[in-house]
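What the coordinates show
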Amino acid sequence: MKVFVVNCGSSSIKYQLINMDTEAVLAKGLIERIGMEGSVLKHTPEGKYTVDINIDVPNHSFGIKLAVDALTNPDYGVIKSMNEIDAVGHRVVHGGERFADSVLVTPDVLKGIAACAELAPLHNPPNLNGIKACMALMPNVPQVVVFDTAFHQTMPKEAYLYGLPYELYVKYGVRRYGFHGTSHKYVAQEAAKMMGGETKDYRIITCHLGNGSSVAAVKYGRSIDTSMGYTPLDGLVMGTRSGEIDPAIIPFLMEKENMNAEQIDDYLNRRSGVLGISGLSSDFRDLESAAARGDERSQVAIDIFAYRVKKYIGAYTAAMGGVDAIVFTAGLGENSSSMREKICAGLEYLGTGIDGQKNKVRGKNQEISTDEAKVKIFVIPTNEELVIAHDTVNICRRIIKL
Ligand code: ADP
């Protein structure tokens, strides 16, 4: 069964075509600058060169058509015709409280995703455009949606409610939702496999550390807490996002810097985080090299980041009554051995220990803890596309007996 996995951002489309009989990625691609000048499609058939197609892509419908054309192109395509696509799996950012699992797209589901757009105004509308474009192009192909928030719907009330008047939750759904759920779920499952069991057997802390970062407490297979909140601004200090701050800073900024709500939003989402602290970059590679040259603010940005992750590991160990494994994933978690070392330094009292040699790993599943450590530490590259494709296959087999 071949599954087309689609991830529509506000101005981008990422896609993969996966043969689920072998889990082989047949081709992947990225369209950027949709609706702007200079849009481009980068299409990579497995094992071959990347083809750059420079063409104006005015909207997501056009982009989806372009991606399917690339997949079926006689020179660099990987299938003969669109009919070889058996199902489409879409990433959708916000499923609110309505969606606690992946679902087959129906008119009701489309309405549900549109209703959740209030919670994710930048993300859900383009996600919806991508679904509609695929439905128009492939009307007889089943479409499945996989939500970033769904995995965290198992959180108990004490973890997801804020210390705000309860009416706010009832009226507007103001609560912690959490994000990166597909990634947390995948790496927790991989870690459990590497320990010889299933997620129901372990208490796992998953650290998704990239441009956007979050930590999750996965207790016996269920997410019981996570650091992102009502929006992806909460929790850890990130590339350009502040993470948790004292909320009283907001009215203070409004008064002192004369900012309105939109300016505050921009300040906290795009000008804060390690970029704001260092004044240099949101990319940890730049910060690591600047710190090595003696740049103090870059060093303090790295230190703050690592300290916050460490605090969450401590908090989630307490929340789960212990921890069996800690997992690092995403750009920074997978690639930066020095960050992993810094985060884990001082956590030995939990029963952890990093093996310096094993910790040199990049980009593959690897246990990096010492042989005697009671708590295992893993590096596991995330693979959200594969989870989306799996959910798509399972739902298609179960519901429409595909
Ligand atoms: P996104 O959240 O956009 O999906 P990624 O998971 O791709 O982001 O992570 C991107 C970030 O990972 C970069 O901004 C950079 O900070 C970090 N990163 C990637 N490679 C390295 C590396 N070799 N060393 C340190 N940091 C890295």
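The structure displayed is predicted, hence computed values, not measured ones. (Residues numbered from 1 in each chain as written. Predicted model: local features only at pLDDT ≥ 70, side-chain atom pairs only at ≥ 80, totals over all residues. Heavy atoms only, no water.)

Some remarks on the packing of aromatic side chains
Keep this limit in mind: Ring pairs shown here join Phe, Tyr and Trp side chains whose ring centres sit within 6.5 Å, with only the six-membered ring taken for Trp; geometry is labelled stacked below 30 degrees between planes, edge-to-face above 60, and tilted in between. Here a strand is any run of E in DSSP of at least two residues, a helix any run of H or I of at least four, and the numbering for each starts at the N terminus. The buried label goes to any residue with under 20% of its type's maximum accessible area, the exposed label to any with over 50%, and the partly exposed label to all in between, with areas taken from a 1.4 Å probe on protein chains only. Cation placement over rings: the criterion is NZ of Lys or CZ of Arg within 6 Å of the ring centroid and within 35° of the ring normal.
Using the criterion set out here, one finds seven aromatic pairs in the structure. With a centroid separation of 4.4 Å and an interplanar angle of 10°, the aromatic rings of Phe99 and Phe147 are classed as stacked. Taken as a pair, Phe99 in the loop between β6 (87-92) and β7 (103-104) and Phe147 in strand β8 (residues 143-147) lie far apart in primary sequence, 48 residues in all. Each of the two residues, Phe99 as well as Phe147, counts as buried. Taken together, the ring pairs connect Tyr160, Tyr166 and Tyr169 into an aromatic cluster. Between Arg175 and the ring centre of Tyr160, over which it is positioned, the NZ or CZ distance is 3.6 Å. Positioned above the aromatic ring of Tyr177 is the side chain of Arg175, whose terminal nitrogen or guanidinium carbon lies 4.8 Å from the ring centre.

Here's the deal with the sheet that holds strand β12 (residues 325-329)
As a reminder of what qualifies: Strands pair, by our definition, only if DSSP identifies at least two bridges between them.
Pairing in this open sheet of six strands is mixed, and the strands run β11-β10-β9-β12-β14-β13 from one edge to the other. Both outer strands of the open sheet, β11 (222-226) and β13 (366-367), are each paired with one neighbouring strand and no more. Judged from the seven bridges that link them, strand β9 (residues 203-209) and strand β10 (residues 213-219) form a sheet pairing that is antiparallel. Within the sheet, the bridge partner assigned to Ile204 lies in β10 and is Val218.

Quick look at the site of the ligand
Filter applied, for reference: Near residues are defined by distance, with any heavy atom within 4 Å of the molecule or strand qualifying the residue. As used in this structure description, the phrase polar contact means that two N or O atoms lie within 3.5 Å; if the pair is within protein, one of them must be able to donate a hydrogen and the other to accept it, and residues adjacent in sequence are counted only when both atoms belong to side chains. The Shrake-Rupley method, run with a 1.4 Å probe, gives the accessible areas here. Residue values count only the displayed protein chains as cover. Polar here means any residue outside two lists: the nonpolar Ala, Val, Leu, Ile, Met, Phe, Trp, Tyr, Cys and Pro, and the charged Asp, Glu, Lys and Arg; Gly therefore counts as polar.
Around the ligand, the surrounding shell consists of Gly210, Asn211, Gly212, Asp283, Phe284, Arg285, Ala330, Gly331, Leu332, Asn335, Ser336 and Arg362. Interatomic distance of 3.4 Å between a side-chain N/O atom of Asn335 and a nitrogen atom of the ligand. A total of 580 Å² of accessible area belongs to the ligand in isolation, and the protein chains cover 73% of it. Tallying contributions element by element places helix α12 (residues 330-335) first for the shell around the ligand, with four residues. Tallied by class, residues from the shell around the ligand come to three nonpolar, six polar and three charged.

Overview of the sheet that holds β8
In any sheet, the strands associate via hydrogen bonds between backbone groups, in a parallel or an antiparallel arrangement. Stated formally: It only takes one pair of heavy atoms within 4.5 Å for two residues to be counted as in contact. Axes here refer to lines fitted to C-alpha atoms; in helices the fit is confined to the stretch in contact. Angles between the N-to-C directions go from 0 to 180 degrees.
With mixed pairing, eight strands are arranged side by side in an open sheet as β5-β4-β3-β2-β1-β6-β8-β7. The open sheet has two edge strands, β5 (51-54) and β7, and neither has a second partner. Lying over the sheet, helix α14 (residues 384-399) contacts β1 (2-8), β2 (13-19), β6, β7 and β8, oriented at roughly 125° with respect to β6.

Some points on the pairing of β1
With six of its seven residues buried, β1 lies for the most part within the structure. Following β1, the chain reverses through four residues before pairing antiparallel with β2. Of the pairings in the sheet, the one linking β1 to β6 comprises four bridges and is parallel in character. Counted as the bridge partner of Val6 is His90 from β6.

Quick word on the state of the cysteines
We apply this condition: Cysteine sulfur atoms are paired as a disulfide whenever they fall within 2.5 Å.
Per the stated rule, a full pass over the model turns up zero disulfides. No disulfide involves Cys134; its sulfur sits 6.9 Å from that of Cys8, the nearest cysteine. The class for Cys134 is buried, based on a relative accessible area of 0%. Take Cys396: it sits in no disulfide, and the sulfur closest to it among the cysteines is that of Cys134, at 13 Å. Cys396 sits in the buried class, given a relative accessible area of 0%.

Here's the deal with the pairing of β10
Along β10, six of the seven residues are buried, which leaves the element largely enclosed by surrounding structure. Counting the residues in the hairpin turn of β9 and β10 gives three residues. Hairpin geometry of β10 and β11 is characterised by an intervening segment of two residues between the two adjacent antiparallel strands and by a positive phi of about 45° at Tyr220.

Points about helix α13 (residues 337-344)
Which entries qualify depends on this criterion: The arc in question is the one traced by the directions running from the helix axis out to the C-beta atoms.
Looking at α13, one finds that the buried residues are Met339, Arg340, Ile343 and Cys344. Looking down the long axis of α13, one finds its buried residues gathered within 125° of arc, a one-sided arrangement. In this structure, the buried side of α13 is in contact with β9, α10 (284-292), α11 (296-320), β12, α12 and β14 (376-379). After α13 finishes, the residue Gly346 shows a positive phi value of roughly 95°.

Re the nonpolar core
Note the following rule: Residue types Ala, Val, Leu, Ile, Met, Phe, Trp, Tyr and Cys, when buried and joined through side-chain atoms within 4.5 Å, form a set referred to as a nonpolar core.
With 35 residues, the main nonpolar core has Cys207, Leu209 and Ile313 as its most contacted residues. Taken together, the elements giving at least two residues each to this core come down to β9, β10, α10, α11, β12, α13 and β14. Counting residues per element, this core draws most heavily on α11, which supplies nine residues. In contact with Leu209, not counting residues within four places along its chain, are Leu236, Phe305, Val309, Phe328, Thr329, Ala330, Gly331, Leu332, Gly333 and Ile343. Membership of the second largest hydrophobic core comes to 30 residues, among which are Ile18, Ala216, Ala389 and Cys396.

Functional significance is not addressed by these values, which are geometric in nature.
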